[in-house]
Amino acid sequence: MKQRHIAHYIILLLVSLIIVFPLYLMFVMAFKDSKEILGSRYLLPSLSPTFDNFIRIFQAASFGIYLVNTIIVVTGILVLQLVMIIPAAYVFARFPSRISGFLFILYVIQIMLPLEALIIPNYRIMNAFGLINTRVAMILPFVGSGYCAFLLRQAFKQIPRSLEDAAVIDGCGHFGLLRNVFIPLSKPTITVFSMISVATHWNDYLWPLIITDSNIVRTLTIGLGMFVQHESGADWGMLMAATVFITLPIILLFLILQHTFLESFLTSGIKG
Amino acid sequence: MKKRDPRIFLFLLPSFIFLSIFTYYPIFDAVGLSFHRYGAFNPKPIFQGLKNYIDFFKDPIFWQIILNNVLFGLGTILPTMIMALIFAILINEVRSLRTFFRLSLFYPMLIPYAAAAMVWVFIYDPSLGPINLILKLLKLKPIGWLGDSRYSLIAIIIMTVWKNLGYYMLIFLAGLQNIPRDLYEAATVEGTNWSQKHWHITIPLVGPSTLFVFVVSVIQSFKVFTQIYLMTEGGPGYSSNVLIYRTYEYGFKFWQLGRASTLTTLMIMILLFLVLIVFGVWGRKITYQAA
């Protein structure tokens, strides 16, 4: 028994090291000047770390604006998703009928028809609305989230009816029920969904790539891609500094919410 | 509260409008345009029947791209799921360092693909990259990775496995929590060894939900774009080109929106076929819950 656990630890440590290595590389390179990167110990942590790369990326590209845009887009998507889907999930969970059952299936199918597959028609729609090159265009297609409806319906269904009945006797209408019973009791699911939504849309690339054509509205991921194409010759220090810059906020957010996220994920049965 | 109050559907209406405009209307739009010649040089759509489809089916590049999609899908999902299950079992059985292992496996999930692509371009760099450095130390021939048509797709696959492993590990870890402990204790009393124990208990019990995760992953694998756009641009040649990337090229590089819609329609057909499988596997449960 004991021996096996030693084998467990050796395997897991080895795997963890391999998986962490790219992150290590990202941070180590971001603090090196170009001379050090061409030197012989370029894979090891710098002896004289420098913040120069971070200053230079802000001079070379509008990463500040990209950050603000990303935050606007990601928050806009999440808020609208919750506002739109919470009432819908309430209907799916508590008012089952043929029609709501059929509509629910349409929401579930949407999970499996990613926007990435539908960029051409969606581009035409945004063009018709005159929304090309706007932040709104980066938000709207993600608002009707089938995944959110699926998760919240599961969570709402698990809430005991007795709580609801008590609230109804106290004079709660639909909105009161949502505010006082359903939303507070589904907090773990809402947290996990929010985390997944933010991480997913922080990561969005293809849709913002085709829908934007100016720096004023671009997001971080697109900014990074442009930056690579415009900087001729690989200045790895600067590239990695930019990479760290677009990654750090999401990692920090996760570390803050890590405990809630992992516990909810492992207990609430949210599985893909 | 009356059950049959039709006004309750007003709660569904806002999100359903979004769903209709950005998911369901686009399907009809793409199907309609797929029969037309339409693009930057033909601003008015001209109906031409099945010509776009026939042209694609005759085009060897199209078939290579389909093959790449299949290879990418299976090449990422199978290894990811197998490794994720093994690591989930291992993590579940150790006492200390659990959080460290969970975090170090999971964090790549949070890194945007654009950022991950940058780091991996460096890792695959023929001269500076650590992988070739190790190959050289082992006296093996260095590999051109992203610049070599034999390896470009494999390179993208490895990077994608690294990125998704932790997510699947968490899914399995959650599944493992539902297996009653006494099953394992009984097996230990019976004198079965570690691998027998998991082969006969863990895999059959985690298996059914795994099938569902597998099909959904196949669907998700069609979304691959960012790493290909930033790491290989579908090349060299067409060696790492996939359906979405090709659609992007037709739509926004060649500006042939008719043909891009044909590819979109084909992709929708493939996805809806997979959706049917999902419903076949899981459907009864979903419809049962919905009704």
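Rules used throughout
- Residues numbered from 1 in each chain as written.
- Chains lettered and ligands numbered in written order.
- Predicted model: local features only at pLDDT ≥ 70, side-chain atom pairs only at ≥ 80, totals over all residues.
- Helix = DSSP H or I, 4+ residues; strand = E, 2+ residues; numbered from the N terminus.
- Contact = placed C-beta atoms within 7 Å.
- Buried ≥ 20, exposed ≤ 12 C-beta atoms within 10 Å, placed from the backbone.
- Core = buried A, V, L, I, M, F, W, Y, C linked by C-beta atoms within 7 Å.
- Nonpolar A, V, L, I, M, F, W, Y, C, P; charged D, E, K, R; others polar.
- pLDDT = per-residue confidence, 0-100.
- Pairing = 2+ DSSP bridges.
- Axes fitted to C-alpha atoms, helices over the stretch in contact; angles between N-to-C directions.
- Parallel < 35°, antiparallel > 145°, perpendicular 65-115°, else oblique.
- Left-handed = near helix turned anticlockwise from the far one by under 90°.

### Description of the overall build of chain B
Turning to step 1, where the next piece is worked out: When helices and strands are tallied, chain B shows 12 helices and 2 strands.
Turning to step 2, where the next piece is worked out: Its C-alpha atoms put chain B at 75 × 75 × 30 Å along the principal axes.
Turning to step 3, where the next piece is worked out: Look at the contacts in chain B between residues 6 or more apart in sequence, and 66% of them connect residues 24 or more apart.

### Description of the overall build of chain A
Turning to step 1, where the next piece is worked out: Assigned secondary structure in chain A consists of 14 helices and 0 strands.
Turning to step 2, where the next piece is worked out: For chain A, the α and β elements follow one another from N to C terminus as α-α-α-α-α-α-α-α-α-α-α-α-α-α.
Turning to step 3, where the next piece is worked out: The buried share among the 272 residues of chain A stands at 43%.
Turning to step 4, where the next piece is worked out: Excluding contacts between residues fewer than 6 apart, the proportion of contacts in chain A whose partners are at least 24 apart in sequence is 77%.

### Side note on the nonpolar core
Turning to step 1, where the next piece is worked out: Ala89 and Ala242 of chain A together with Met169 of chain B are the most contacted members of the largest nonpolar core, which has 156 residues in total.
Turning to step 2, where the next piece is worked out: Ignoring anything within four residues of it in the chain, the contact list for methionine 169 of chain B reads Ala84, Phe87, Ala88 and Leu105 of chain B.

### Let's talk about unusual backbone geometry
Residue and element names in this part refer to chain B.
Turning to step 1, where the next piece is worked out: Note that the residue after glycine 235, namely proline 236, is joined by a cis bond; omega there is -5°.
Turning to step 2, where the next piece is worked out: The residue proline 236 is located in the loop between α10 (226-231) and α11 (243-252) in this model.
Turning to step 3, where the next piece is worked out: Positive phi, normally seen in glycine, also occurs at glutamate 233, with a value near 50°.
Turning to step 4, where the next piece is worked out: As for its placement among the helices and strands, glutamate 233 is situated in the loop between α10 and α11.

### Considerations on the interface of chain B and chain A
Turning to step 1, where the next piece is worked out: At the junction of the two partners, chain B supplies 74 residues and chain A supplies 73 residues.
Turning to step 2, where the next piece is worked out: The element best represented in the side of chain B that touches chain A is helix α12 (residues 257-290) of chain B, accounting for 13 residues.
Turning to step 3, where the next piece is worked out: Split into classes, the residues belonging to the side of chain B that touches chain A amount to 58 nonpolar, 11 polar and 5 charged.

### Considerations on the confidence of the model for chain B
Residue and element names in this part refer to chain B.
Turning to step 1, where the next piece is worked out: Taken residue by residue, chain B gives an average pLDDT of 86. The fraction at 70 or more is 94%.
Turning to step 2, where the next piece is worked out: Mean pLDDT across the elements of chain B ranges from a minimum in helix α8 (residues 181-189), with 77, to a maximum in α11, with 94.
Turning to step 3, where the next piece is worked out: Throughout residues 286-291 the model reports pLDDT below 50, and contacts reaching past four residues in sequence, or to other chains, amount to 8 contacts.
Turning to step 4, where the next piece is worked out: We note a pTM of 0.88 for the whole complex and an ipTM of 0.87 for its interfaces.

### A short note on the pairing of strand β2 (residues 42-47) of chain B
Turning to step 1, where the next piece is worked out: Taking burial as the measure, the 6 residues of β2 of chain B include 0 buried ones, a minor fraction of the element.
Turning to step 2, where the next piece is worked out: Linking strand β1 (residues 36-39) of chain B back to β2 of chain B in an antiparallel pair, the connection comprises 2 residues.

### Points about the packing of helix α9 (residues 161-169) of chain A against helix α10 (residues 174-185) of chain A
Residues and elements named next belong to chain A.
Turning to step 1, where the next piece is worked out: Running from N to C, α9 and α10 cross one another at 130°; their axes reach a closest spacing of 10 Å. Relative to α10, the element α9 is oriented oblique. Crossing hand, α9 versus α10: right-handed. Between α9 and α10, the residues in contact are Leu163, Glu164 and Ala167 and Gly176, Leu177, Asn180 and Val181, respectively.

### Details of the environment of leucine 262 of chain A
Turning to step 1, where the next piece is worked out: Topologically, leucine 262 of chain A is positioned in helix α14 (residues 236-267).
Turning to step 2, where the next piece is worked out: Spatially, the C-alpha atom of leucine 262 of chain A lies 8.4 Å from that of valine 192 of chain A, the residues being 70 residues apart in sequence.

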